[in-house]
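Commentary on secondary and tertiary structure
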Amino acid sequence: MTSFDYDLIVIGSGPSGQRAAIQAAKIGKRVSIIEKNKSVGGVCTNTGTIPSKTFREAALHLSGFRERGIYGSSYRVKQNISIEDLLFRVQQVINLGIDLVKNQMSRNRVELIEAKASFIDPHRIELTSDNGDGKHQITGDKIVIACGTDAARDSNLPFDGQRVFTSDDIPGLKQLARSIIIVGAGVIGVEYATMFAALGIKVTIIDKRATLLPFLDHEISAALTYVAQQNNITMRLSEEVVSMQIIESDIKTVEVKLKSGKVLRAEACLYSIGRIGATENLALDRAGINRDDRNRITVNEYFQTNISHIYAVGDVIGFPALASASYEQGRAAARHAFGINDELKSGIGLSPYGIYTIPEISTIGKSEHELTDEGVPYEIGKAHYREIARGQIIGDSTGILKLIFSPDDKKILGIHILGEGASELIHIGQAVMAHEGTIDYFVNAVFNFPTLGECYKTAALDGLNRLSI
């Protein structure tokens, strides 16, 4: 085939798809982006990142959670918080996000096609439209798969979207339960657990693993566990669910039985055991594209699949499955596809990880246990928010910033933060690490006062004190 309808076809309009399409359009390519849903933006805008973080902000504000350290544990902005109160703010932000994506596509002359996509062969895509247009085909020289993921579901469980639901169902909830069981203590499960707890909902977490978010630096994981327990979250770790049912009575109850014999009951259950690639209906086999047992697509360092002109980016390729990384993956794939900056690879430099629990967490670089396993010598420096004037002002007594650095040349090896503003605060350290800076930068830097940025200076001084002992 020597002539194509488009230079680039992008399947999916989430962060990675948006950036791939816009990058190609900016270098003069004919681009179409296919979206199967009525609204653009993918999971990120409609059911995932944006709604969940907006839900979090609404919960923090209405519950008065941030101010309880100053005004006491009984402080509330609104006494009886409803799901309508929370989702009102969520829907506003979703609508703004959808409008922004549509505007970006229009301004960059990217053709938006509302249809379901499936491969006919490596260059041909069949479109199935719900608007009466039926089916037709388009061809593309290059193709980027950015279809994202779906919440994993067990077909044996009684999902109804209200009593038993996944995180994708939360924007459609009709009421807030007074108690909730969360199956799966991954990032999404723990984020929602802390949000619901801030609203005064009785929360129980069930997970097979013995530790909360074990990939984190262990001190940060332990601190999060302590704070969660202080906020009345019950942990059922090293436990496994064997059955679940909705019990019909005056008040519907979800009953969960564990392998250990325990029986737990709550008004609702959030099932959060991970996500799978949304590739089931793409007919990848017709294009010869490989996928794993969770429907995720394997790519090389340039985001190429095993078919060289077909790329995959975003959550559908697995870790790190972050919107921030997805944006850069989409851009890198489009540039490589058209021969620009071949050196821009999937590493995407030094990327931070943000977890929007309450309190939030952000991390970059190595943890203590990783360095120990690798046999790399290190030293640490710590600052507690309670020692910092800004921490006292905002009432955050649990926050902590931890620097890990080399005792030989004092270069920073990792930064781990738990506390208010962690996902913003991490970028200061990220910039210093990207330029191979040392803790001396923080020792000699002058920070605005009072700010949480001072934690870096305090932690660096603590680190130097440890070296001199």
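Everything discussed here concerns the structure shown above.
The sections below set out a description of the structure shown in this document.

**So, the pattern of salt bridges**
- Following the criterion strictly, the structure yields 27 salt bridges and no others.
- For Glu368, the salt bridge is made with Lys402, and the minimal N-O distance between the two is 2.4 Å. Taken together, the residues Glu368 in helix α10 (residues 368-374) and Lys402 in strand β21 (residues 400-405) connect sequence positions 34 residues apart.
- On the basis of relative accessible area, Lys402 is assigned to the buried category, the value being 0%.
- Put simply, Arg56, Glu57, Arg66, Glu360 and Glu420 are held in one network by salt bridges that share partners.

**Focus on the sheet that holds strand β8 (residues 164-165)**
- Strand order in the open sheet formed by 5 strands is β8-β15-β9-β10-β11, with parallel pairing between adjacent strands. The sheet is open, and its two borders are formed by β8 and β11 (233-237), each paired with just one other strand.
- Where strand β9 (residues 179-183) lies against strand β10 (residues 202-207), 5 bridges are found, and the strand directions are parallel. Following the sheet pairing, Ile181 is matched in β10 by Thr204.

**As for the side chain of Glu239**
- Summarising the element assignment, Glu239 is placed in the loop between β11 and β12 (241-247).
- Among the residues examined, Glu239 registers a relative accessible area of 10% and is labelled buried.
- Of the polar contacts made by the side chain of Glu239, one reaches the side chain of Lys262; its length is 2.6 Å.
- When neighbours within four sequence positions are excluded, Glu239 is seen to be in contact with Ile206, Asp207, Lys208, Leu258, Ser260 and Lys262.

**Notes on the environment of Thr438**
- Among the structural elements, Thr438 can be located in the loop between α12 (422-434) and α13 (439-444).
- When sequence neighbours within four positions are dropped, the list of residues in contact with Thr438 reads Asp409, Lys410, Lys411, Ile412 and Val432.

**Topic: the packing of helix α3 (residues 49-63) against helix α6 (residues 187-198)**
- Where α3 contacts α6, the axes come no closer than 9 Å and their chain directions differ by 25 degrees. Between α3 and α6, the interaxial angle falls into the category roughly parallel. Every pair of crossing elements has a handedness; the one defined by α3 and α6 is left-handed. Contacts between α3 and α6 involve Ser52, Lys53, Phe55, Arg56, Ala59 and Ser63 on the former and, on the latter, Glu191, Tyr192, Met195, Phe196 and Ala198.
- Here the contact of α3 with α6 is composed, by residue class, of 6 nonpolar, 2 polar and 3 charged.

**Thoughts on the environment of Thr45**
- The residue Thr45 is located in helix α2 (residues 42-46) in this model.
- Using a relative accessible area of 6% as the deciding quantity, one classes Thr45 as buried.
- For the pair Thr45 and Val101, spaced 56 residues apart in the sequence, the C-alpha separation amounts to 9.4 Å.
- In this structure Thr45 touches Val40, Ile50, Pro51, Ile94, Gly97 and Ile98, once residues within four positions along its chain are discounted.

**Considering the sheet that holds strand β19 (residues 361-365)**
- The strand order β18-β19-β22-β21-β20 describes an open sheet built from 5 strands, whose pairing is antiparallel. The open sheet has two free edges, formed respectively by β18 (353-355) and β20 (379-384), since each of these has just one partner strand. Along the sheet, successive strands turn relative to each other by an average axial angle of 10 degrees, direction set aside.
- Of the strand pairs in this sheet, β20 and β21 are connected by 6 bridges, and their pairing is antiparallel. Looking at the pairing, Gly381 lines up with Leu403 of β21.
- Helix α7 (residues 218-230) rests against β19, β20, β21 and β22 (412-418) of the sheet, and its axis sits at about 0 degrees to β22.
- Against the sheet, α12 contacts β19, β21 and β22, and its axis sits at roughly 170 degrees relative to β22.

**So, unusual backbone geometry**
- Looking along the chain, the bond that leaves Phe319 and enters Pro320 is cis, with omega of 5 degrees.
- With respect to the helices, strands and loops of the structure, Pro320 is situated in the loop between β17 (310-312) and α9 (323-337).
- In this structure, the amide linkage connecting Ile358 to the following residue, Pro359, adopts the cis form with an omega of 0 degrees.
- Along the chain, Pro359 turns up in the loop between β18 and β19.
- Here Leu213, not a glycine, exhibits a phi torsion of approximately 45 degrees, which is positive.

**A look at the packing of α3 against helix α5 (residues 83-107)**
- Across the interface, α3 lies against α5 with an axial gap of 9 Å and an inter-helix angle of 135 degrees. It follows that α3 is oblique to α5 by the angle criterion. Note on packing geometry: the crossing formed by α3 with α5 is right-handed. Side by side, α3 and α5 meet where Ile50, Pro51, Thr54, Phe55, Glu57, Ala58, Ala59, His61 and Leu62 of the first sit next to Ile83, Asp85, Leu86, Leu87, Arg89, Val90, Val93 and Ile94 of the second.
- Across the contact of α3 with α5, the residue classes tally to 12 nonpolar, 2 polar and 3 charged.

What counts and what doesn't
- Residues numbered from 1 in each chain as written.
- Predicted model: local features only at pLDDT ≥ 70, side-chain atom pairs only at ≥ 80, totals over all residues.
- Heavy atoms only, no water.
- Salt bridge = Lys/Arg side-chain N within 4 Å of Asp/Glu carboxyl O.
- Helix = DSSP H or I, 4+ residues; strand = E, 2+ residues; numbered from the N terminus.
- Buried < 20%, exposed > 50% of the residue type's maximum accessible area, 1.4 Å probe, protein only.
- Pairing = 2+ DSSP bridges.
- Polar contact = N/O pair within 3.5 Å; in protein donor to acceptor, adjacent residues only side chain to side chain.
- Contact = heavy atoms within 4.5 Å.
- Axes fitted to C-alpha atoms, helices over the stretch in contact; angles between N-to-C directions.
- Parallel < 35°, antiparallel > 145°, perpendicular 65-115°, else oblique.
- Left-handed = near helix turned anticlockwise from the far one by under 90°.
- Nonpolar A, V, L, I, M, F, W, Y, C, P; charged D, E, K, R; others polar.

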